[in-house]
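Results of the structural survey
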Amino acid sequence: TLRDLLGITSYPADAFPVDDAGYGFDNNGDVLSLAPMLLEKYLNAAGFAISEARRAGGLPQLAPSLSKRDAAEAARAAIRGFAARAYRRPVTDDELRGLMALWDRADADGRAFEQSLDVVLQAVLVSPAFIFRIEAEPQPGEPAGVHTLNEYELATRLSYFLWSSLPDDELFAQAGRGTLRSNLGAQVRRMLNDPKAAALVENFAGQWLQLRAMQDVAPDADLFPQFDAALRNAMTRETELFFTAIMQEDRSVLDFIDADFTYVNARLAKHYGLGGVSGEEFRRVELSHSRRGGLLTQASILTITSYPRRTSPVLRGKWVLENLLDAAPPPPPPSVPVLPEGGSALVIPLRQRLERHRADPRCAACHEQMDGIGFALENFDPLGSWRNLDGIRMIDAAGTLPGGETFSGVAELKQLILKSHRDEFLNCLAGRMLTYALGRGLEPYDSRTTDNIRQALKKNDYRFSALIFAIVRSEPFQKRNGREKPDAP
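For the structure shown, the criterion picks out 17 aromatic pairs. With 5.4 Å between their ring centres and 45° between their planes, Phe-242 and Phe-261 make a pair best called tilted. Of the two residues, Phe-242 is situated in helix 11 (residues 229–248) and Phe-261 in strand 2 (residues 261–264); the sequence distance between them amounts to 19 residues. Using a relative accessible area of 0% as the deciding quantity, one classes Phe-242 as buried. According to the relative accessible area criterion, Phe-261 is buried, its value standing at 1%. Through a chain of ring-to-ring contacts, three or more aromatic side chains come together here, namely Phe-25, Phe-161, Phe-204, Trp-208, Phe-242, Phe-243, Phe-256, Phe-261, Tyr-263, Tyr-436, Phe-464 and Phe-477.

Written out as structure tokens, the structure reads:
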């Protein structure tokens, strides 16, 4: 937001504490808070941002020989325009009076015009109207405690959903004319094609797919000396570019499950055993076999679902259930021993060790689901390279889905998901995207909306744009429930 408001290139928020996450995303309003220490950091960051913008020439300056009265009028115009952009709506008369009172006090101290103005602009950046996305409560005539968003509120929801930033001039102008809601489709298409839509990849895909965990993985250096920062970055970039292609080319969201292309540079191509790729730049490559294709076979996903020294059918199966099939297993019961990393692990095959683990009645039900899926990915080592052997033993990639369907290998698993569990995947994707768009967890009454999103995808060849259009046109996105949630039983 500071980038688009002030034109600065630094990231003062890097010094802030990490936000808590709820329902898988860190924009969930129920878990976000503003501690006194964080407010102090906001104040410092606001001063730093204004100073950087002033040095870069991005803020109003005083024209020579203006009288004191003319200077005050110039300040009023500058403050009104800046605050309107920062607040994402027109400034009220009371707000402007308060800001001008601060200007008067700063100007009375003998500061230069720019210094007095910067005091007010800094105050704008720590105002609740800037820090929070504030929406009106239900108005008279709005039944059942449900508020239909006004056009400025809708513009703000839309811009933070797709851009993670404030509305641009076009959205602001549409809201001012009252034409945004009627032109929503055209605006969404424009926004998805804008470079700022990279924020949807970074912030939605990064959390839905758990890509952010790539920064913390640490494969054993003795077993995997080839893993370094360059390979880590290449793995992450492949998945980001893959998601971007589905979004910008408006491809079918079913490509997330299986696709005939991906993106590699020379380093990642060598890791995958793909020839004909040179240089550090990423290029799109067509896949001629079923070993690769879709999210499940990308090294980023396979690495974050492995341990430092070995693969984990459990973690991989759990990832598929949570992020593709919307069937997250419950947390493990307390005091359940983990599988050993050494000793017998070097002699007893992993599948056999997991069978012993499932013999514990506390573990059996969930592990039957997770392990059966995870075995399909055993041909990929802990860094996502293809292998036929685990040590000296041939890989057994046979498994079962929760419904009892059997398969052998990742290619058959992907086809089963597409043919027999397509609705589960579409529900999962719709629910994750809707959760991110709304900034709240879904309630039981939201199931009607996710059903509508799934149907909209089916009617429109599963195109990515159909997912976004269905969300922004939905009642939960266009309206706000002013009623308090019932207390939990």
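Below, the discussion takes up the confidence of the model for the protein. It should be kept in mind that the predicted coordinates are not to be read in detail where pLDDT is low. Across the protein, the average pLDDT comes to 91, with 91% of residues at or above 70. Counting interchain partners and residues more than four positions distant, the pLDDT-below-50 stretch residues 342–346 has two contacts.

Positive phi outside glycine occurs at Gln-210, with the angle close to 65°. Inspection of the secondary structure puts Gln-210 in the loop between helix 10 (198–208) and helix 11. Judged by relative accessible area, Gln-210 falls into the partly exposed class, the value being 31%. Phi is positive for Asp-461, close to 55°, though the residue is something other than glycine. Within the fold, Asp-461 resides in the loop between helix 19 (447–459) and helix 20 (464–472). The exposed category is assigned to Asp-461, whose relative accessible area is 54%.

The next point concerns the packing of helix 9 (residues 184–192) against helix 20. Orientation of helix 9 relative to helix 20, taken along the N-to-C sense of each, is 130°, at an axis distance of 11 Å. Taken together, the axis directions place helix 9 and helix 20 in an arrangement best described as oblique. For the pair helix 9 and helix 20, the crossing hand works out as right-handed. Along its contact with helix 9, which presents Leu-184, Gly-185, Val-188, Arg-189 and Leu-192, the element helix 20 presents Phe-464, Ile-468, Phe-469 and Val-472. For the contact of helix 9 with helix 20, the residue count by class is seven nonpolar, one polar and one charged.

This part covers the pattern of salt bridges. Applying the stated rule across the entire model yields 31 salt bridges. A salt bridge links Lys-479 to Glu-475; the shortest N-O distance between them is 3.7 Å. Connected through salt bridges with shared partners, the residues Glu-135, Glu-137, Arg-157 and Arg-480 form a single ionic network.

Rules and cut-offs
Residue numbering note: each chain is counted from 1, following its sequence as written. The predicted nature of this model means local features are confined to residues of pLDDT at least 70 and side-chain atom pairs, given and counted, to a pLDDT of 80 or more, with totals for whole chains, interfaces and linings taken over all residues. Neither water nor hydrogens contribute to the side-chain values; these are computed over all heavy atoms in the structure. Aromatic rings from Phe, Tyr and Trp, taking only the six-membered ring of Trp, are treated as a pair when their centres fall within 6.5 Å; an angle between ring planes under 30 degrees marks them as stacked, one over 60 as edge-to-face, and anything in between as tilted. The numbering of helices and of strands both runs from the N terminus, where a helix is a DSSP run of H or I of at least 4 residues and a strand a run of E of at least 2. A 1.4 Å probe rolled over the protein chains alone gives each residue an accessible area, and that area as a share of the maximum for its type sets the label: buried under 20%, exposed over 50%, partly exposed in between. Per-residue confidence from the predictor is reported as pLDDT, which spans 0 to 100. For this analysis, residues touch if any pair of their heavy atoms sits within 4.5 Å. In this analysis an axis means a line fitted to C-alpha atoms, helices contributing only their contacting stretch, and an angle means the value between N-to-C directions, from 0 to 180 degrees. Oblique is the label for every angle not falling under 35 degrees (roughly parallel), over 145 degrees (roughly antiparallel), or within 65 to 115 degrees (roughly perpendicular). Here a crossing is called left-handed whenever its near helix is offset anticlockwise from the far helix by less than a right angle, and right-handed whenever the offset is clockwise. Ten residues, namely Ala, Val, Leu, Ile, Met, Phe, Trp, Tyr, Cys and Pro, are considered nonpolar, four, namely Asp, Glu, Lys and Arg, are considered charged, and the remaining ones, Gly among them, are considered polar. By definition here, a salt bridge exists when the distance from a side-chain nitrogen of Lys or Arg to a carboxyl oxygen of Asp or Glu is within 4 Å.

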